[in-house]
Amino acid sequence: MSGDDDSSGWQLTESDPGVFTELLKTLGVPLVVDDLYSLDAEALAELQPVHALIFLFKWVGGESNEPSSGGQYDPEFPGFFAHQVVNNACATLAVMNAIGNIPGLKMGPQLSELLSFTAGMDPQTSGMAITSADWLREAHNALSPPSAISLEGLDLPKTTEDAYHFIVYIPYAGSVYELDGLKQAPVKHGVYSESGEGWVAKARDVIQARIATYPPGAVEFSLLAVHDDPLPRLQEQLAQLQAAGRQAEAGEVMMKLSNENAKRERWAFENSLRKHNYLGFIHALLLNMAKAGKLEAATEGARKALQERIERKKKGELMDED
Amino acid sequence: MAETRLAFKAGRLFRRGNTNFVDADPTKGAILLQNGEDGLLHFIWKNRSTNEIEEDLILFPGDATFAKVEQSSWGRTYVLKFSSSNQRHFFWMQDADSSRDEEFVGNVNRLLADPSIVPIWYSEGYNPNSAGPSSAPAASSSQASAGSYQATPEELARIRSIVSTLGAGGSGGQAAAASQPPPEISLTDVLTPANLRPLFAARPELAQALFPHLPADLPSPPTVETLERVVSSPQFRAAVRNLDMALRTGLLGGLVRTLGLPEEAGVGVEPFLRALQDQARREEGDGGDRMDTD
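In this numbering scheme, every chain counts its residues from 1 along its sequence in written order. Following the order in which they are written, the chains are lettered starting with A and the ligands numbered starting with 1. Only residues with pLDDT of at least 70 get local features here, since the model is predicted, and only at 80 or more are side-chain atom pairs given and counted; chain-wide, interface and lining totals rely on the full set of residues. Note: side-chain values were computed over all heavy atoms of the structure, leaving out hydrogens and water.

Let's talk about the overall build of chain B
Here is the rule we go by: Numbering of helices and strands runs from the N terminus; a helix is a DSSP stretch of H or I covering at least four residues, while a strand is a stretch of E covering at least two. Buried residues are those whose accessible area, probed at 1.4 Å on protein chains only, stays under 20% of the maximum for their type, while exposed residues exceed 50% and partly exposed ones sit between those limits. Between two residues, a contact is recorded if the distance between any of their heavy atoms is within 4.5 Å. Residue-level accessible areas treat just the shown protein chains as cover; the underlying method is Shrake-Rupley with a 1.4 Å probe.
Scanning chain B from terminus to terminus reveals 10 helices and 11 strands. In chain B, which comprises 294 residues, the proportion classed as buried is 54%. In chain B, 49% of the contacts between residues at least 6 apart in sequence involve partners at least 24 apart. When the accessible surface of chain B is totalled, it reaches about 12800 Å², and 52% of it is carbon and sulfur.

Encoded structure:
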């Protein structure tokens, strides 16, 4: 591994639903991304219709080049599939592999141009086409912290992002597919039934089978669901229920709406904080602490905290800095 | 103000007459890449014995590359080449440990290609901003000299492991805590919500005063409540941890100068805080009402 030019100007971003949702917004795609804490039917039902599941895990490396268990490579996959060709882009690449395969999806002109440009390309070339799109890189980088006091460089050549890997699960032409930018081709996991929960039932089995192949505790993973923005639907429901005078149900929907709005507000707040360089703020805070005569006491407190950590360390306890 | 983006130990080689042979000059030196006050990227070679800058080349994005001289049997000779001219400058790596050569070279080239992308990052054992004479004796294992703090390779390894766990959302910390902490206080223990809340409560006017330092698009009014929310956020906590780690490298002299602090403030967390005390005193003094200090 060279560790050299494999990031091509793509910066590290957080794998946070708020970040993904903001990215989709920039791409002109009316979908949102939420954390899935559980794969059970109830948790998924809340988010339906779900268009894709993104499985994110700390990569253990040394994965075989075999398709994951139960699946088969489908080199003839007619949808969109791009290889991961640069570091740090994998979150955005995962999003592209997901939204590139949702029929009839509304999207901004740049994205639709890029997707039609890659039509017929092999996965490697598609990956390069995507990662060399300046506007996409800018949209991605817009959500990463500024590098003014970043220590990322200290961690070269193996950056934190290397350790993470994203796999996308989508329904495509009646089958569940697994799109992994590090695999040669999409992996077909077989047909799903349209009845009941539909494709997510099959996807759940596939993902659970995958998780079962790791020793317990060996990998950290999380799951994200790419789904329709529930706000318009909730607003419509609310209007209908209120018009029909069904106040109790309207109240329930109102509660959901307010939770959803609170989450958006939090995302906007965090995304704003995420892009910020705090050096000036930290300096101003410390200066004001000093002027208020509180910095020395705080420094003394920090010395105590350090002593305590050392003491605890001596006792062999596991420490917790936060 | 010149801002050092990258620094590592390296010496020069000179062409023997008009031949194609180059000879290594044993003088101890360092290559620094700086964003100059002129807004341009400077490639600087500094003599580590005299601390004099002996070479200062202005580089335009994409014009120069830093490449390994494959003909060199020793393997640690590099050449700075320009696409706009035939100029060649030869260097040899002087860090005792060659394991990071590729990192240095990769960073140099990234910076040469795009001056805006490389984060601050320094060679261990060499502080480009320390004013004194050579602070890095040949045996690079010595802990500290001439009062300047130097991160040892072990400490840097630790920083690397800590940084690698900082990860997204500031959710790291756990693994970092499990490794041995350097015996230095942590900025994260100073800028705690518990320390800051009483300050905001006592001086609510800070909400207005500090707001210009917060993101312009922050969707929240300039209130004490917003400040509290910011200082409790994982993003702010991560930024403090990041600065804390950066200060522990002892190499932030250039950065702290941009805050109006002396270079010595960049050698560690405590010196940084002491310098801030002084700065606060000075500013209070300027305002006319002297503080009664003991």
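Read on for the rest.
Section: the sheet that holds strand S4 (residues 164-172) of chain A
Keep this limit in mind: Two strands make a pair as long as DSSP finds a minimum of two bridges between them.
The strand order across the open sheet formed by seven strands is S1-S7-S2-S4-S5-S6-S3 (chain A), and the pairing between neighbours is antiparallel. Looking at which strands have only one partner, the edges of the open sheet turn out to be strand S1 (31-36) and strand S3 (72-73) of chain A.

Re the UniProt feature "site: Important for enzyme activity" (unreviewed entry) in chain A
Residues and elements named next belong to chain A. To keep it simple, the criterion reads: UniProt positions are given in the numbering used here, feature names are shortened, and annotations may be inferred rather than shown by experiment. By the criterion applied in these results, polar contacts are pairs of N or O atoms within 3.5 Å in which, for protein atoms, one can donate a hydrogen and the other can accept it, and in which residues neighboring in sequence qualify only through two side-chain atoms.
Under the present numbering, the feature "site: Important for enzyme activity" (unreviewed entry) in UniProt falls on Asp-180. With respect to the secondary-structure elements, Asp-180 resides in strand S5 (residues 175-180). The residues contacting Asp-180, other than those within four sequence positions of it, are Phe-81, His-165 and Ile-167. Reaching out from Asp-180, the side chain makes a polar contact with the side chain of His-165 at a distance of 2.7 Å.

Digging into the environment of His283(A)
If you trace the backbone, His283(A) turns up in helix H10 (residues 279-291). Once residues lying within four places of it in the same chain are set aside, the contact partners of His283(A) are Leu259(B), Leu276(B) and Gln279(B).

Considering the layout of surface pockets
All names here are of chain B. To keep it simple, the criterion reads: Points on a 1 Å grid, built from protein atoms alone, make a cavity when a 1.4 Å probe fits but cannot get out and make a pocket when they are open with protein on both sides within 12 Å along at least 5 of 7 lines; residues with an atom within 4 Å of a point are the lining residues. Grid points are joined across faces, edges and corners, and a volume is the space filled by probe spheres set on the points. Residues are grouped as follows: Ala, Val, Leu, Ile, Met, Phe, Trp, Tyr, Cys and Pro are nonpolar; Asp, Glu, Lys and Arg are charged; all remaining types, including Gly, are polar.
Taken as a whole, the second largest pocket encloses approximately 370 Å³ of empty space. Forming the walls of the second largest pocket are 18 residues, and the residues nearest its centre are Asn-20, Val-22, Val-69, Gln-71 and Phe-90. Counting residues per element, the ones that place at least two in the lining of the second largest pocket are strand S1 (3-15), strand S2 (22-24), strand S6 (64-68), strand S7 (77-82) and strand S8 (88-93). The leading source of residues in the lining of the second largest pocket is S7, at three residues. Split by residue class, the lining of the second largest pocket holds seven nonpolar, four polar and seven charged.

Looking at the confidence of the model for chain A
Detailed reading of the predicted coordinates is not advisable wherever pLDDT falls low. Residue and element names in this part refer to chain A. Defined as follows: Predictor confidence is given residue by residue as pLDDT, running from a minimum of 0 to a maximum of 100.
In the predicted model, chain A carries a mean pLDDT of 84, and the fraction of residues at 70 or more is 87%. A low-confidence stretch, residues 1-5 stays under pLDDT 50, and its non-local contacts, those more than four residues away or across chains, total 10 contacts. Low pLDDT, under 50, characterises residues 148-162; the predicted model gives this stretch 52 contacts beyond four residues in sequence or across chains.

A short note on the pattern of salt bridges
Test applied: What counts as a salt bridge is simple: a side-chain nitrogen of Lys or Arg found within 4 Å of a carboxyl oxygen of Asp or Glu.
Taken as a whole and assessed by the stated rule, the structure comprises 24 salt bridges over all chains. In this structure, Glu296(A) engages Arg281(B) in a salt bridge whose closest nitrogen and oxygen atoms are separated by 3.7 Å. One end of the pair, Glu296(A), is in helix H11 (residues 295-314); the other, Arg281(B), is in helix H10 (residues 269-286), on a second chain. Residue classification places Glu296(A) among the partly exposed positions, given a relative accessible area of 47%. A relative accessible area of 33% places Arg281(B) in the partly exposed class. In this structure, the salt-bridge partner of Asp278(B) is Arg281(B), at a minimum N-O distance of 3.2 Å. Taken together, the residues Asp278(B) and Arg281(B), both in helix H10 and three residues apart, mark about one turn of the helix. You can call Asp278(B) partly exposed: its relative accessible area is 37%. What emerges from the salt-bridge pattern is a single network uniting Asp34(A), Asp229(A), Glu260(A), Lys263(A) and Arg264(A).

Quick look at the packing of aromatic side chains
Cut-off, in case you're wondering: Pairing of aromatic rings covers Phe, Tyr and Trp, the last through its six-membered ring, and needs centres within 6.5 Å; plane angles under 30 degrees mean stacked, over 60 mean edge-to-face, and all others mean tilted.
Across all of its chains, the model carries 13 aromatic pairs over all chains by this definition. With a centroid separation of 5.6 Å and 75 degrees between ring planes, the pair formed by Phe281(A) and Phe236(B) is classed as edge-to-face. Of the two residues, Phe281(A) sits in helix H10 while Phe236(B) sits in helix H8 (residues 234-248), which places them in two different chains. Each residue in the set Phe8(B), Phe43(B), Phe66(B), Tyr78(B), Phe91(B) and Phe104(B) is aromatic and connected to the rest through ring pairs, giving one cluster.

Side note on the pairing of S4(A)
Residues and elements named next belong to chain A. When you tally the buried positions in S4, you get eight out of nine residues, the bulk of the element. Across six bridges, strand S2 (residues 50-58) lies against S4 in antiparallel orientation. Following the sheet pairing, Leu-56 is matched in S4 by Phe-166. Sheet topology note: the S4/S5 ladder contains six bridges and is antiparallel. Across the sheet, the residue bridging to Tyr-172 is Ser-175, located in S5.

Quick word on H11(A)
Because the α-helix completes a turn every 3.6 residues, residues three or four places apart line up on one side. Residues and elements named next belong to chain A. Applied cut-off: For a helix, the expected span equals 1.5 Å multiplied by the residue count minus one. Here the arc refers to the directions that run from the helix axis out to each C-beta atom.
With 20 residues, H11 extends 28 Å from end C-alpha to end C-alpha; this agrees with the ideal 28 Å at 1.5 Å per step. Buried within H11 are the following residues: Leu-295, Ala-298, Thr-299, Ala-302, Ala-305, Leu-306 and Arg-309. Burial along H11 is one-sided: seen end-on, the buried residues are contained in an arc of 110 degrees. Opposite its buried face, H11 presents the exposed residues Ala-297, Lys-304 and Lys-314, each directed more than 90 degrees away.

Some words on unusual backbone geometry
Put simply, Gln48(A) and Pro49(A) share a cis peptide bond, and its omega is -5 degrees. Looking at where Pro49(A) falls in the secondary structure, it is placed in the loop between helix H2 (41-47) and S2. Of note in the backbone geometry, Ala173(A) takes a positive phi value of approximately 45 degrees without being a glycine. With respect to the element layout, Ala173(A) can be found in the loop between S4 and S5. Here Asn51(B), not a glycine, exhibits a phi torsion of approximately 65 degrees, which is positive. Along the chain, Asn51(B) turns up in the loop between strand S4 (41-47) and strand S5 (53-59).

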